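Listed below, chain by chain, are the residues.
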Amino acid sequence: MDTVGNAGGSVRERVGETEWQVRKDLAALYRLVALFGWDDLIFTHITAKVPGTEHFLINPYGMMFDEITASSLVKIDLDGRKVMESEYDINPAGFTIHSCIHAARKDAMCVLHTHSINGVAVSAQKAGLLPLSQFAFIVLRSLGYHDYEGLALNPEEQPRLVRDLGDNSYLILRNHGLLTVGQSMAEAFQAMHRLEAACMVQVRAQAGGELSFIPPEVLERAGVESPADRARKAALAWPGLLRRLDRRNPGYAD
């Protein structure tokens, strides 16, 4: 377990190697969300658990996603209280969603939530995600839905969020947005990339002619990815995503 000091030195000097790596990956993930156009100004959140602790990292409230660095991330507990001093506050509304999922899903090292235009559009459709693409084919076997209850400020909503996500990797929050979980930042990103792509295809396809649905007998052959297979695919893509960031928006590891 990393030891944490609260006095003196830079953030890098006050955390262990494990936490610093998580900070770098989470900062990269925030910037990737911005790069792919899924951010909503300073709103929505991505959280990551510090391994070996019940502490979590979250964005400093007020910073744009493409500005976030490893050092600027705020460390908090399950109640949203800062456990390491920071000049920044957090948005408590976001952690209402994230805290209950982290508490209930020990495999959810990273929780990624977006308000992307395509995702919100599909979340507003009564039928939800339709079997229109290979992206949807993969997502549909591990997808839950959560009905809209207003701004995420009420702790009483948390048990229903946990119930509706269940053991799934993907969640559509109706009239609200999208959410994915992963055992790493790479996995959470890969899951969101698939879900967002499925929503984008659906919105574009609905603007054209008659829709062609994947037949039910084909959908039945879709298997839920094993954790090992999901991790392998995400790990293959992640280094390339970091190289893209290094070209287009370096500095996340500061």
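Residues numbered from 1 in each chain as written. Predicted model: local features only at pLDDT ≥ 70, side-chain atom pairs only at ≥ 80, totals over all residues. Heavy atoms only, no water.

(A) Structural context of the overall build of the chain. Counting its regular elements, the chain contains nine helices and seven strands. In terms of overall dimensions, the chain is globule-like: its C-alpha atoms have a radius of gyration of 18 Å, near the 18 Å expected for 254 residues. A buried classification covers 51% of the 254 residues belonging to the chain. Contacts in the chain between residues at least 24 apart in sequence constitute 67% of all its contacts with a sequence separation of at least 6. Of the roughly 11,700 Å² of accessible surface on the chain, 54% is carried by carbon and sulfur atoms. (Helix = DSSP H or I, 4+ residues; strand = E, 2+ residues; numbered from the N terminus. Rg over C-alpha atoms; globule rule 2.2 N^0.38 Å. Buried < 20%, exposed > 50% of the residue type's maximum accessible area, 1.4 Å probe, protein only. Contact = heavy atoms within 4.5 Å. Areas by Shrake-Rupley, 256 points an atom, 1.4 Å probe, with all protein chains shown as cover.)

(B) The side chain of Asn91, seen in detail. In this fold, Asn91 is placed in the loop between strand 3 (74-76) and helix 3 (92-104). Residue classification places Asn91 among the buried residues on the basis of a relative accessible area of 11%. If we skip the residues at most four places from it in the chain, Asn91 touches Phe43, His45 and Tyr61.

(C) Main features of the packing of aromatic side chains. Inspection of every chain in the model, using the stated rule, returns six aromatic pairs. A centroid spacing of 4.8 Å and a plane angle of 85° characterise the contact between Tyr30 and Phe65, whose relative ring orientation is edge-to-face. Here the residue Tyr30 occupies a position in helix 2 (residues 17-35), and Phe65 occupies one in the loop between strand 2 (56-58) and strand 3, the gap between them amounting to 35 residues. Exposure remark for Tyr30: the relative accessible area of 0% places this residue in the buried category. An aromatic cluster is built from Phe36, Trp38 and Phe189, whose rings are joined through pairwise contacts. (Phe/Tyr/Trp six-rings, centres within 6.5 Å; stacked < 30°, edge-to-face > 60°.)

(D) Representation of unusual backbone geometry within the structure. Unlike most non-glycine residues, Thr44 shows phi in positive territory, near 70°. Considering the arrangement of structural elements, one finds Thr44 in the loop between helix 2 and strand 1 (46-49). Of the residues examined, Thr44 reaches a relative accessible area of 3% and is grouped as buried. Phi is positive for Asn175, close to 60°, though the residue is something other than glycine. Mapped onto the elements, Asn175 comes out in the loop between strand 6 (170-173) and strand 7 (177-182).

(E) Molecular detail of helix 9 (residues 227-248). A rise of 1.5 Å per residue sets the reference length of helix 9, with its 22 residues, at 32 Å; its end C-alpha atoms lie 31 Å apart and thus fit the reference within 8%. In the structure, helix 9 departs most strongly from a straight axis at Trp238, where the bend amounts to approximately 25° and where the proline Pro239 lies between one and four residues downstream. Turning to helix 9, the residues buried within the fold contact helix 2 and helix 7 (185-206). (Expected span 1.5 Å × (residues − 1). Bend = angle between axes of the 7 residues up to and from the residue.)

(F) Geometry of the sheet that holds strand 7. The strand order across the open sheet formed by seven strands is 3-2-1-4-7-6-5, and the pairing between neighbours is mixed. Of all the strands in the sheet, the pair left with one neighbour each is strand 3 and strand 5 (143-146). Strand after strand, the sheet turns through a mean of 20° between neighbouring axes, direction not considered. As paired elements, strand 4 (residues 110-114) and strand 7 share five bridges and run antiparallel to each other. Directly across from Thr114, in strand 7, lies its bridge partner Leu178. Sheet strands touched by helix 2: strand 1, strand 2, strand 3 and strand 4. Its angle to strand 1, the strand with the most contacts, is close to 165°. (Pairing = 2+ DSSP bridges. Axes fitted to C-alpha atoms, helices over the stretch in contact; angles between N-to-C directions.)

(G) Up close: the packing of helix 3 against helix 6 (residues 158-165). Where helix 3 meets helix 6, the axes come as close as 9 Å, and the angle between the chain directions of the two elements is 55°. Judged on the interaxial angle alone, helix 6 and helix 3 are oblique. Crossing of helix 3 over helix 6 shows right-handed handedness. Residue-level inspection shows Phe95, Thr96, Ile97, Ser99, Cys100, Ile101 and Ala104 of helix 3 in contact with helix 6, the latter providing Gln158, Leu161, Val162 and Leu165. Here the residues of the contact of helix 3 with helix 6 sort into eight nonpolar, three polar and no charged. (Parallel < 35°, antiparallel > 145°, perpendicular 65-115°, else oblique. Left-handed = near helix turned anticlockwise from the far one by under 90°. Nonpolar A, V, L, I, M, F, W, Y, C, P; charged D, E, K, R; others polar.)

(H) View of the pattern of salt bridges. Under the criterion given, the structure shown has 15 salt bridges. Residues Arg230 and Glu187 are paired through a salt bridge, measuring 3.7 Å at the closest nitrogen-oxygen approach. Taken as a pair, Arg230 in helix 9 and Glu187 in helix 7 lie far apart in primary sequence, 43 residues in all. This pair shows no difference in class: Arg230 is buried, exactly as Glu187 is. Within the structure, one salt-bridge network assembled from shared partners comprises Glu19, Arg23 and Lys75. (Salt bridge = Lys/Arg side-chain N within 4 Å of Asp/Glu carboxyl O.)

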